[in-house]
Amino acid sequence: MPFQTTATRLWKSLTPDERLHASASFFAEPPPELAAAAVGALVKARHLRPQAARALAPDAQARILATVLDPGEPLAQGLLVGLHLAERRPLLAAFLDALALPHEDGILKEEADAAPPVDAAAARGAIGALAAFPADHVRTYLNTLWLQDPERWQALEGADSDSA
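Parameters and conventions
- Residues numbered from 1 in each chain as written.
- Predicted model: local features only at pLDDT ≥ 70, side-chain atom pairs only at ≥ 80, totals over all residues.
- Heavy atoms only, no water.
- Axes fitted to C-alpha atoms, helices over the stretch in contact; angles between N-to-C directions.
- Helix = DSSP H or I, 4+ residues; strand = E, 2+ residues; numbered from the N terminus.
- Parallel < 35°, antiparallel > 145°, perpendicular 65-115°, else oblique.
- Left-handed = near helix turned anticlockwise from the far one by under 90°.
- Contact = heavy atoms within 4.5 Å.
- Salt bridge = Lys/Arg side-chain N within 4 Å of Asp/Glu carboxyl O.
- Buried < 20%, exposed > 50% of the residue type's maximum accessible area, 1.4 Å probe, protein only.
- Core = buried A, V, L, I, M, F, W, Y, C linked by side-chain atoms within 4.5 Å.

Visitor: I would appreciate a short explanation of the packing of helix 3 (residues 32-46) against helix 5 (residues 58-66) in the present structure.
Guide: The description of two helices packed together rests on the angle between their axes and the distance between the axes. Remark: helix 3 packs on helix 5, axes separated minimally by 9 Å, with the N-to-C direction vectors making an angle of 70°. Of the possible angle classes, the one that applies to helix 3 and helix 5 is roughly perpendicular. Viewed along their axes, helix 3 and helix 5 form a crossing whose handedness is left-handed. For the pair helix 3 and helix 5, contact is made by Ala41, Leu42, Ala45 and Arg46 and by Gln61, Ile64 and Leu65, respectively.

Visitor: What is the right way to read the pattern of salt bridges from this model?
Guide: A side chain of one charge can pair with a side chain of the opposite charge if their charged atoms are brought near each other. Applying the stated criterion across every chain, the model contains three salt bridges. Between Glu18 and Arg88 there is a salt bridge; the shortest N-O distance is 2.8 Å. Of this pair, Glu18 sits in helix 2 (residues 16-28) while Arg88 is found in the loop between helix 6 (73-86) and helix 7 (89-98), placing the two residues 70 residues apart along the sequence. Look at Glu18 and you get buried, because its relative accessible area is 8%.

Visitor: Would you mind showing me how to read the nonpolar core here?
Guide: Generally speaking, nonpolar side chains in soluble globular proteins are found buried as a group. Counting residues in each nonpolar core, the largest one holds 44 residues, and the members touching the most others are Leu65, Phe95, Trp153 and Leu156. Those residues in contact with Leu65, other than ones at most four positions away along the chain, are Trp11, Ser23, Phe26, Phe27, Ala41, Leu42, Leu75 and Leu79.

Visitor: What's the story with unusual backbone geometry in this structure? I'm lost.
Guide: One non-glycine residue, Ala100, adopts positive backbone phi at about 60°. Mapped onto the fold, Ala100 is located in the loop between helix 7 and strand 1 (103-104). In the Ramachandran plot, Asp105 falls in the positive-phi region, its phi being about 55° despite a non-glycine side chain. Looking at the secondary structure, you find Asp105 in the loop between strand 1 and strand 2 (107-108).

As structure tokens, this is what we get:
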């Protein structure tokens, strides 16, 4: 099955529970560059005034945002990152370890920028190392990586179905 081609499409493909976890993670530490977009999505979803949306408790904000199927591409990307940086860090770390890419708790370090794009054989091997994780979590993570940098992670598209 091919990857979703936009973060919004990938966001829509998540289960309601996954969207709630992603939204909760996002609102636990909202990235400043996406905070206004998140408030805007809340305002639009519930016809709230911006002040009222900002005044909501983070868990209420997360519940509302989880129901928004089209939060916009930048916000969808931020939400997908939030999903993975919350409960799925062990998956990230296992994948990056299998590729021997330098990282800190699943987040690539700057020196990883010098590494060449991942080749198909390395991608298949690293995906194989994720057999202990739920297949849908692995697929969502690989799709998220590919969306963030299609050139670097090009080998992931198709390799996930070969190895899963």
